[in-house]
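Here are the chains, one letter per residue:
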Amino acid sequence: MSASPEIANSVILSAEMFIVLSPILLLSFGIVLSLLLIAWRRSQKMISLFTQFILAITLLLTLHLLSGELKVGSGTQITTLLNVDRFSYLSFVLICFSALVVVSLSRSVLKSAVEVHDEYYLLILLVVLGAGILVVSDHFASLFLGFELLSISLVGLVGYFREHKHAVETGFKYLILSATASSFMLLGIAFIYSQTGNLSFAVSSNVMPWSEQPLQVFNSVGILLLFSGIAFKLSLAPFHFWSPDIYQGSPTPITLLMATVSKVAMFTVLIKCCFSQNYFNNESFIEIITVVALLSMLVGNVLALKQQNIKRLMAYSSIAHFGYLLIVLTVSSLQTLEFAWQGALFYLSAYLLANIAIFTVLLISEKNRSNMSEDIHITEWHGLFWKNRLAAVLVIFSILALAGIPLTMGFVGKFYLLNQAVLFKSWWLIAGLVIGSGIGLAYYLPIIFTLFKDDKTLESKGGDGSRVYLIAIGKQLFMFTLLISSLVFGIFPDLVSQFIYR
Amino acid sequence: MMLTFVIFGLLFCGSLAWYTDNKSFLGVKFQARWVALVAVITFALIFVFSAYLSPLSFLTLQMITQVSWINSLNINYAIALDHLSITLIILTFFLAVICILVSWGEIQEKSGFYYFNLLATFVGIIGVFSAVDMFLFFFFWEVMLLPMTAIIAIWGHEKRYFAAIKFFIFTQVSSLLMLVAIIAMAYIHQQQIGDLSFSYQDWLSLELNSDIAQYLMLGFFIAFAVKLPSVPLHSWLPDAHTQAPTAGSVLLAGVLLKTGAYGLIRFVLQLFPQASENFAPIAVTLGVVSILYGAKMAFAQTDFKRLVAYSSISHMGFVMLALFSFNEIAYQGVIVTIVAHGLSSAALFSLAGMIYQRIHSRNLSDMGGFWQSAPRMGGFGLAFAAAAFGLPGLANFVGEFLSLVGAYQVFPMMVILAAFGLIGSAIYGMVLFQKTFQGSSLKAVEDLSCRELIISSSLLMLLVILGLYPNLVLQYFRGVIL
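Small disclaimer: the values here were computed from a predicted structure and weren't measured. (Residues numbered from 1 in each chain as written. Chains lettered and ligands numbered in written order. Predicted model: local features only at pLDDT ≥ 70, side-chain atom pairs only at ≥ 80, totals over all residues.)

1. Points about the overall build of chain A
In terms of regular secondary structure, chain A is built from 21 helices and two strands. Within chain A, the proportion of its 502 residues that are buried is 55%. Across chain A, the fraction of contacts at a sequence separation of at least 24, relative to all contacts at a separation of at least 6, is 80%. (Helix = DSSP H or I, 4+ residues; strand = E, 2+ residues; numbered from the N terminus. Buried ≥ 20, exposed ≤ 12 C-beta atoms within 10 Å, placed from the backbone. Contact = placed C-beta atoms within 7 Å.)

Encoded structure:
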């Protein structure tokens with residue numbers, strides 16, 4: 001191979017590369033340690049605390065590296081497999097943060113059962129590792145590695161409560177569909193390799209075999225298959241059919257994990273792949289993106305309209321949101337790449353915060369009611385505003401953020417996306433975004449109104465409506481922080497974008 | 001500085017009203033309505049005096065405050081005032097007092113949160129009338145929407161959720177179109193001048209390609225036409241007005257609709273003069289259709305508030321017609337119509353609220369013969385109905401007359417058609433009055449209380465003063481050429 005001397009040089013891990021990669025190394029080390037911990041003593045409390053500790057340290061380390069003098073632009077290349085830049089760090093921060101929240105929230109769910117749930121925590125760490133590999137990957141091999149690590153660990157997690165009604169169905173469905181998606185992706189990668197003879201994202205951008213000439217058949221089919229594999233994970237229409245069922249059937253913290261960690265990681269790698277290979281120069285690729293984006297916006301929003309189950313509703317709304325997010329892939333030139341990244345990361349963080357907030361309240365309401373087996377319907381949030389002000393205000397804010405109303409981060413995210421779309425003059429996508437948001441309001445607003453409804457009728461029936469919500473101080477504090485941060489970042493988005501730009 | 005102080009002060013007092021409602025401090029029992037009333041009156045006085053004493057001449061836009069807000073996109077917190085915005089803000093303050101007074105007895109439940117929403121809506125409206133950074137403008141545009149929706153959805157009548165969602169979706173979708181236009185303008189500025197700018201004053205100097213200008217103008221126009229509202233984008237209005245609580249209807253008809261007119265004057269006509277002129281025939285046709293359709297629909301209604309709501313569509317048609325005739329007299333007519341309609345529709349909706357409180361119905365067939373038991377209310381009812389159909393001597397007449405006279409020079413045929421709307425307005429005005437106050441007395445109602453007398457007489461007084469001496473407002477708009 002012609003590139004062999006370069007590879008030979010880069011195989012050695014220099015001190016700088018070691019530092020740059022340290023969050024992921026630390027995470028892997030933590031996984032080994034927690035395995036040892038399990039072998040030493042099986043204690044639910046200990047493993048949970050240890051997992052939180054590992055994630056918190058990783059998060060802090062990543063934040064520290066972000067604030068340090070990190071190379072902007074091309075980032076640090078670590079062997080041909082990995083490339084770490086600011087944006088991967090930022091995505092990793094988002095991932096670690098949501099995983100930390102997931103682990104903290106899981107305790108209340110797991111407490112109710114008798115077993116010691118070591119595997120649960122271990123699997124979550126593996127999911128985060130998979131996501132971490134994805135966000136730094138610069139090569140189809142590492143992409144596939146991360147993808148599989150993420151999917152297989154998630155399969156274990158979605159069916160974790162095996163006595164639950166939907167557990168087997170959910171796990172099985174996810175396993176089959178996820179395996180199908182990854183095999184599609186693998187085939188796509190093989191096709192791309194057959195054309196370019198290289199699996200690295202970066203190298204092919206130097207050669208750019210398809211940027212000037214029209215796509216050859218194998219290459220275009222390859223890209224299409226690769227994209228459909230990723231689109232499956234992002235549950236973009238028409239690859240979305242699994243997501244409502246899996247969202248509904250999984251334990252609530254795992255649903256949150258899927259909605260945040262898995263999607264943020266997949267989207268980051270999608271952007272990385274598309275930007276470093278200049279797919280955006282290719283008109284037919286942009287056309288495909290546009291069609292998928294429009295479909296996702298419409299399908300997600302329209303199907304969410306009649307949903308009464310909050311988890312299913314969130315699944316459909318997330319389909320729509322990733323449809324909106326695809327707008328960032330339609331960049332016009334290399335100069336606007338940074339702006340696209342900024343928009344994507346901002347939108348992702350807004351989406352993430354909103355999801356975390358809604359799922360936190362969802363978990364609290366699940367815990368506060370008598371029967372654990374069934375799913376939460378919107379009607380159970382009846383009059384929440386008059387019962388628990390904090391939880392309700394948090395939900396309202398998050399839903400407004402998802403709907404993209406000013407004062408919230410979601411609006412600024414949408415503003416970025418619209419900027420991007422106007423720059424690229426993609427009027428179809430703009431129309432989709434506008435119409436999609438319009439439809440979206442028709443199911444977001446009723447949720448908010450439900451929170452305000454009086455629950456006199458419910459109380460007289462003696463249902464759960466009259467119960468007072470009991471929330472631990474720690475959780476209240478966490479919810480309060482979420483609320484304040486989403487408000488502050490919504491009004492002063494510079495605080496976030498400075499962090500992204502630096 | 002003082003405007004910023006007013007904006008944030010009102011917001012703070014809103015939260016204060018929410019927080020202190022029904023709580024005792026130092027032996028004093030606080031009530032949200034008192035906090036709100038005192039706050040609004042205080043800030044109104046502060047605003048009026050500082051505007052009056054200000055050395056600035058408000059003939060053109062005067063920048064009041066400019067602080068950088070989002071650096072990465074060059075967005076500023078920039079507010080400015082001229083006579084137009086000052087007039088509208090004073091109208092807002094006046095109706096704000098009316099709103100609080102009409103809610104005095106009506107809102108019993110969750111009153112703290114109610115007054116917070118009410119004050120937050122005022123904040124949004126005042127912001128809309130003064131923002132000159134387009135991002136900020138959009139921000140306030142949405143901020144006024146949220147609490148308004150909450151007011152409709154929580155304290156409204158039987159079909160409030162449907163009405164609130166409809167209202168929100170209409171305004172939100174149309175304002176997203178405006179947002180796209182705003183972003184496009186910012187990038188055009190970047191192409192021509194070199195840096196991204198959302199400042200209204202910067203945009204005035206742009207030279208737009210006529211095709212692009214046409215589309216961008218349409219983006220703004222749709223957003224404002226929904227708010228105004230103009231046929232065919234009006235269908236949210238009858239529902240929202242009917243289902244809202246009294247103060248909500250007063251606020252919607254009195255000021256919120258005026259933000260649409262304000263937007264047309266300030267942004268559509270100023271930023272895209274050529275494109276607006278090309279679009280004028282369509283806009284004027286829409287205006288005339290609104291006049292006739294609103295009047296026709298109004299006298300077919302059996303619901304008091306719905307009738308008044310359709311009459312608003314009809315009146316706002318005059319604004320559209322006059323604005324797109326690009327004529328000084330017509331423009332003055334627009335200003336008077338805006339103020340007069342703000343007062344007269346607020347009066348009619350307050351009246352509807354007073355009747356609703358007595359008989360718990362808005363249906364005209366449940367009313368009749370109220371004159372016998374409540375002659376004062378009947379007298380005010382007659383005067384307000386007369387104001388709505390444009391009786392000379394009351395402010396609406398001046399506005400509509402000037403509008404028609406001005407527009408006649410440009411679109412004579414359209415004005416002749418529009419004049420038929422005046423006949424329609426006489427019909428629905430009389431229908432409203434007769435069905436409510438005349439005929440056989442179905443039930444006896446209490447006459448106006450002292451508080452209601454204050455509301456009605458202050459509104460009527462202003463309508464008469466403006467009707468007899470319109471120069472009070474017009475002196476500030478002399479020689480303004482669109």
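Next comes the rest of the write-up.
2. Some thoughts on the nonpolar core
Ile95, Ala99, Ile124 and Val128 of chain A together with Leu119 of chain B are the most contacted members of the largest nonpolar core, which totals 371 residues. Two domains each provide a minimum of three residues to this core, namely domain 1 (1–281) and domain 2 (287–502) of chain A. Not counting residues up to four positions away in its chain, the partners in contact with Val128 of chain A are Leu27, Leu55, Ile95, Cys96, Ala99 and Val261 of chain A. (Core = buried A, V, L, I, M, F, W, Y, C linked by C-beta atoms within 7 Å. Domains from an automatic or database assignment.)

3. Overview of the domain arrangement of chain A
Residue and element names in this part refer to chain A. If you check the domain split of chain A, you get domain 1 (1–281) and domain 2 (287–502). In this complex, domain 1 contributes 35 residues to the contact, which on the side of domain 2 involves 40 residues. Broken down by secondary-structure element, the contributors of at least two residues to the side of domain 1 that touches domain 2 are α4 (86–111), α9 (217–233), α10 (242–249) and α11 (252–276). If you tally residues by element for the side of domain 1 that touches domain 2, the top one is α11, at twelve residues. Of the residues assigned to the side of domain 1 that touches domain 2, the class counts are 23 nonpolar, ten polar and two charged. (Nonpolar A, V, L, I, M, F, W, Y, C, P; charged D, E, K, R; others polar.)

4. A few points about the confidence of the model for chain A
As a general rule, the predicted coordinates of low-pLDDT regions are not to be interpreted in detail. Residues and elements named next belong to chain A. Mean pLDDT over chain A stands at 84; residues scoring 70 or higher make up 88%. The spread of mean pLDDT over the elements of chain A runs between helix α19 (residues 456–461), the lowest at 49, and helix α13 (residues 310–325), the highest at 93. Contacts of residues 1–5 to residues separated by more than four positions or lying in other chains number one contact, the stretch itself having pLDDT below 50. The low-confidence segment residues 458–466 (pLDDT under 50) makes eleven contacts with residues lying over four places distant or belonging to another chain. (pLDDT = per-residue confidence, 0-100.)

5. Some thoughts on the interface of chain A and chain B
The interface of chain A with chain B comprises 21 residues on the first partner and 22 residues on the second. Counting residues per element, the ones that place at least two in the side of chain A that touches chain B are α17 (409–424), α18 (427–452) and α21 (494–501) of chain A. Sorting elements by how many residues they give to the side of chain A that touches chain B places α18 of chain A first, with ten residues. When its residues are assigned to classes, the side of chain A that touches chain B shows 16 nonpolar, four polar and one charged.

6. Observations regarding the pairing of strand β4 (residues 75–81) of chain B
A regular strand carries its side chains on alternate faces of the sheet. All names here are of chain B. Most of β4 sits out of view: six of its seven residues are buried. The pairing of strand β3 (residues 62–70) with β4 spans seven bridges and is classified as antiparallel. Of the residues in β4, the one forming a bridge with Ile70 is Ile75. If you look at the hairpin formed by β3 and β4, you'll find four residues sitting between the two strands, and Asn74 has a positive phi there, around 55°. (Pairing = 2+ DSSP bridges.)

7. A look at α9 of chain A
Residues and elements named next belong to chain A. Over its 17 residues, α9 extends 25 Å from the first C-alpha to the last, a length consistent with the 24 Å expected when each residue adds 1.5 Å. Among the residues of α9, those classed as buried are Gly222, Ile223, Leu225, Leu226, Phe227, Gly229, Ile230, Ala231, Phe232 and Lys233. Residues of α9 that are buried sit in contact with α7 (167–196), α11 and α12 (283–304). Following α9 by one or two positions, Ser235 adopts a phi angle in the positive range, close to 50°. (Expected span 1.5 Å × (residues − 1).)

8. Regarding the environment of Gly429 of chain B
All names here are of chain B. By the element assignment, Gly429 lies in helix α18 (residues 412–437). Residue Gly429 is classed as buried on the basis of its 25 C-beta neighbours within 10 Å. Counting along the chain gives 118 residues from Gly429 to Ser311, while the straight-line C-alpha distance between them is 9.0 Å. Other than its neighbours up to four places away in sequence, Gly429 contacts Ala385, Ala386, Ala388 and Phe389.

9. Comments concerning helix α10 (residues 236–243) of chain B
Residue and element names in this part refer to chain B. Taken across its eight residues, α10 has eight buried, putting it largely inside the fold. Of all the residues in α10, the buried ones are Trp236, Leu237, Pro238, Asp239, Ala240, His241, Thr242 and Gln243. Looking at the buried residues of α10, the elements they touch are α6 (145–155), α7 (160–192), α11 (246–271) and α13 (304–323).

10. Observations concerning the packing of helix α4 (residues 111–130) of chain B against helix α5 (residues 134–143) of chain B
Residue and element names in this part refer to chain B. At a closest axis distance of 8 Å, the pairing of α4 and α5 adopts a crossing angle of 150°. Our classification of the angle between α4 and α5 gives roughly antiparallel. Of the two possible hands of crossing, α4 and α5 adopt the one that is left-handed. On α5, the residues that touch Val123, Gly124, Gly127 and Val128 of α4 are Phe137, Phe140, Trp141 and Val143. For the contact of α4 with α5, the per-class residue count stands at six nonpolar, two polar and no charged. (Axes fitted to C-alpha atoms, helices over the stretch in contact; angles between N-to-C directions. Parallel < 35°, antiparallel > 145°, perpendicular 65-115°, else oblique. Left-handed = near helix turned anticlockwise from the far one by under 90°.)

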